[in-house]
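A structural walkthrough
Here is what each chain is made of, one letter per residue.
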Amino acid sequence: MIELEGVPELIDPVMVAAFEGWNDAGDAASTAVAHLEREWKGEVFAALDAEDYYDFQVNRPTVFMEDGVRKITWPTTRLSVVRVGGDKPRDLVLVRGIEPSMRWRSFCNELLGFAHELGVELVVVLGALLGDTPHTRPVPVSGVTSDADLARRMDLEETKYEGPTGIVGVLQEACAHAGVPAVSLWAAVPHYVSQPPNPKATLALLNRLEDLLDLRIPQGELPEDARAWQVGVDQLAAEDSEVAEYVQTLEEARDTAELPEASGEAIAREFERYLRRRDAGPPGGHATAEGGEGGSYLRDNPGGRPRPPKPDASGGSGGAAGSGPKGEDEDGPED
C-alpha cells in the first residue's frame with residue numbers, strides 16, 4: 001500500500017496523465033498537463049524512482065545551478081494535485097513524465113497504486129499522434145476507451161485499434177484490468193509540421209478535456225499562441241507551391257469527410273463552452289508556449305527544403321518521421 005502523507009482528502013478526483021515521447025507528437029499532450037499545473041499552481045507530492053524505469057543513456061539527466069550549487073534533475077514521472085474551484089469543486093491528480101524505457105507493467109501498477117490510495121474515480125490519458133490533417137482546420141481530437149459502458153455514457157469511441165502501442169495504450173489497459181474507468185484523448189498533429197511546440201493541438205486537447213469533465217480550464221495565452229503558430233505555418237507553406245498544393249489537398253479531403261458532421265450538436269457544444277467561460281468570469285494566470293524560428297516549423301527533406309510526402313491515390317501520404325505515432329486504423333487512433 002502506498003502511504004501518502006500531507007495529501008488532503010480529495011473531492012471527486014480525476015487523474016490526468018501525459019507522457020513525453022512516442023505518444024506526444026508536437027509535445028501537445030505533455031504541454032497540456034504542464035499548462036494545468038501552471039495555471040492551477042499544482043504542488044508535486046510524489047515522484048517515481050527514476051532508476052526503476054528509465055535508461056539514462058536514452059533520457060539523460062540534466063545539470064543546473066541553484067544558489068551556486070550544482071544539482072541534477074533526473075528524468076522521471078511526477079504527480080501533483082490541483083483543486084478546481086467553482087460551484088462544483090473537484091480535484092485533479094496530474095501525472096507528467098516521460099514514457100518509461102523499461103518495466104512498463106510495474107510502472108502502470110505504481111501509478112494505479114497512487115490512484116487507488118487517492119480515490120481516483122476516472123483516469124484520462126492525453127496523447128498526440130501524427131496524421132493527415134491540415135494545419136488550417138480545427139485539430140481533430142478523438143476520445144476513446146476500451147470500456148463499452150463508459151463509451152456509451154460519455155459519448156466516446158470504443159477502441160478497435162490493433163498494432164504497436166505506447167505507454168498510453170498500456171496504461172489504459174492496465175486501468176481496465178484493475179476496474180478503473182479510463183479514457184484516452186488523442187489530438188491529430190499535421191505530420192508535415194510535427195516539431196514542437198504545437199499550441200493549437202494543446203488547446204484542442206484542453207477544450208476536449210473541459211467538455212469531458214464539465215469544468216472550465218483557464219486558457220491563458222494559448223489562444224494567442226495558437227493563432228501565431230498557424231500564421232507562421234501559413235507563411236511558410238505559401239512560400240512553397242508543393243506544400244501549398246498538398247495542404248489544399250488535405251483541406252478538401254477533410255472538408256468532404258466532415259460535411260455530414262457539421263451539425264447542431266457541434267455548434268451547441270461550442271456555445272456551451274462559451275457560456276461556461278462567460279459565467280465564470282475572466283481566467284487568472286498565463287501560460288506561454290515557447291516559440292521558435294519560423295523555419296523550424298516545417299520538417300526539412302535531405303536537400304534542406306520543406307517537402308511534404310506526395311499524397312497517394314486514396315488521399316493519404318507516405319510515412320513521416322516525428323515525435324509521435326503516425327499509424328492508426330480507420331476506427332481511430334491507437335490507445
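About the criteria used
- Residues numbered from 1 in each chain as written.
- Predicted model: local features only at pLDDT ≥ 70, side-chain atom pairs only at ≥ 80, totals over all residues.
- Heavy atoms only, no water.
- Phe/Tyr/Trp six-rings, centres within 6.5 Å; stacked < 30°, edge-to-face > 60°.
- Helix = DSSP H or I, 4+ residues; strand = E, 2+ residues; numbered from the N terminus.
- Buried < 20%, exposed > 50% of the residue type's maximum accessible area, 1.4 Å probe, protein only.
- Patch = residues over 30% accessible without salt bridge, like charges linked within 9 Å, V, L, I, M, F, W, Y side chains within 5 Å.
- Areas by Shrake-Rupley, 256 points an atom, 1.4 Å probe, with all protein chains shown as cover.
- Salt bridge = Lys/Arg side-chain N within 4 Å of Asp/Glu carboxyl O.
- pLDDT = per-residue confidence, 0-100.
- Contact = heavy atoms within 4.5 Å.
- Lys, Arg positive; Asp, Glu negative; His and termini not counted.
- Pairing = 2+ DSSP bridges.
- Axes fitted to C-alpha atoms, helices over the stretch in contact; angles between N-to-C directions.
- Core = buried A, V, L, I, M, F, W, Y, C linked by side-chain atoms within 4.5 Å.
- Expected span 1.5 Å × (residues − 1).

1. Some remarks on the packing of aromatic side chains
Within this structure, the stated rule accounts for five aromatic pairs. Each ring, one from F45 and one from F114, has its centre 6.4 Å from the other, and the planes form 70°; the classification is edge-to-face. Taken together, the residues span a long stretch of sequence, with F45 in strand β2 (residues 43–47) and F114 in helix α3 (residues 104–118) at a distance of 69 residues. On the accessibility criterion, F45 (22% relative accessible area) is partly exposed. Assessed through its relative accessible area of 6%, F114 is described here as buried.

2. Topic: a nonpolar patch on the surface
There is a patch of nonpolar side chains on the surface, built from V63, I72 and W74 and spanning about 280 Å² of accessible area. Counting through the fold element by element, W74 comes out in the loop between β4 (69–73) and β5 (78–84). With relative accessibility at 39%, the residue W74 sits in the partly exposed group.

3. A closer look at the confidence of the model for the protein
Considering every residue of the protein, the mean pLDDT works out to 81; 75% of them sit at 70 or more. The secondary structure element of the protein with the lowest average pLDDT is strand β11 (residues 328–329), at 42, and the one with the highest is strand β1 (residues 14–20), at 98. Residue range residues 282–332 is modelled with pLDDT below 50. Its contacts to residues more than four positions away, or to other chains, number 124 contacts.

4. Remarks on the side chain of R208
Structurally, the position occupied by R208 is in helix α6 (residues 199–213). For the buried residue R208, which engages in no salt bridge, the nearest side chain bearing the opposite charge is D211, 5.3 Å off. Leave out the neighbours within four places in its chain, and R208 touches V141, G143, D155, L156 and L185.

5. Topic: the sheet that holds β2
The strands making up a sheet associate through backbone hydrogen bonding, with each pair oriented either parallel or antiparallel. Read from one edge to the other, the open sheet built from eight strands follows the order β2-β5-β6-β1-β7-β10-β8-β9, with strand pairing classed as mixed. With one partner strand each, in any of the chains shown, β2 and β9 (157–158) form the two edges of the open sheet. Relative to the sheet, helix α1 (residues 28–39) contacts β1, β5, β6 (90–98) and β7 (122–131), its axis offset from that of β6 by approximately 135°. Relative to strand β10 (residues 182–190), α6 is tilted by about 155°, and along the sheet it contacts β1, β6, β7, β8 (141–145) and β10.

6. With respect to the nonpolar core
Counting 39 residues, the largest nonpolar core has V16, L92, V124, L126 and L213 as the members making the most contacts within it. Among the elements that line this core, the one with the most residues is α6, at eight residues. Excluding anything up to four places from it in sequence, V124 contacts V14, M15, V16, A17, V183, L185, L209, L212 and L213. Core analysis: the next-biggest nonpolar cluster, separate from the first, contains 36 residues, F19, A46, F107 and A188 among them.

7. Brief notes about α6
For α6, which comprises 15 residues, the first-to-last C-alpha distance of 21 Å matches the rise-based estimate of 21 Å (1.5 Å per residue) to within 8%. Summarising burial for α6: 14 of the 15 residues are buried, a large majority. Two residues or fewer past α6, D214 is found with a positive phi of approximately 55°.

8. What to know about the environment of F56
Note on placement: F56 falls in the loop between α2 (50–53) and β3 (62–66). Here F56 falls in the partly exposed class, since its relative accessible area comes to 21%. Taking C-alpha positions, F56 is 8.5 Å from W74, a pair spaced 18 residues apart along the chain. For F56, the contacting residues outside a window of four places in its chain are A50, E51, P61, W74 and P75.

9. Overview of unusual backbone geometry
Each neighbour pair has its own omega, and for P196 with P197 the value is 0°, a cis peptide bond. By the secondary structure assignment, P197 is in the loop between β10 and α6. Unlike most non-glycine residues, D12 shows phi in positive territory, near 40°. With respect to the helices and strands, D12 occurs in the segment before β1. The phi torsion at K41 lies on the positive side, around 55°, for a residue other than glycine. Inspection of the secondary structure assignment puts K41 in the loop between α1 and β2.

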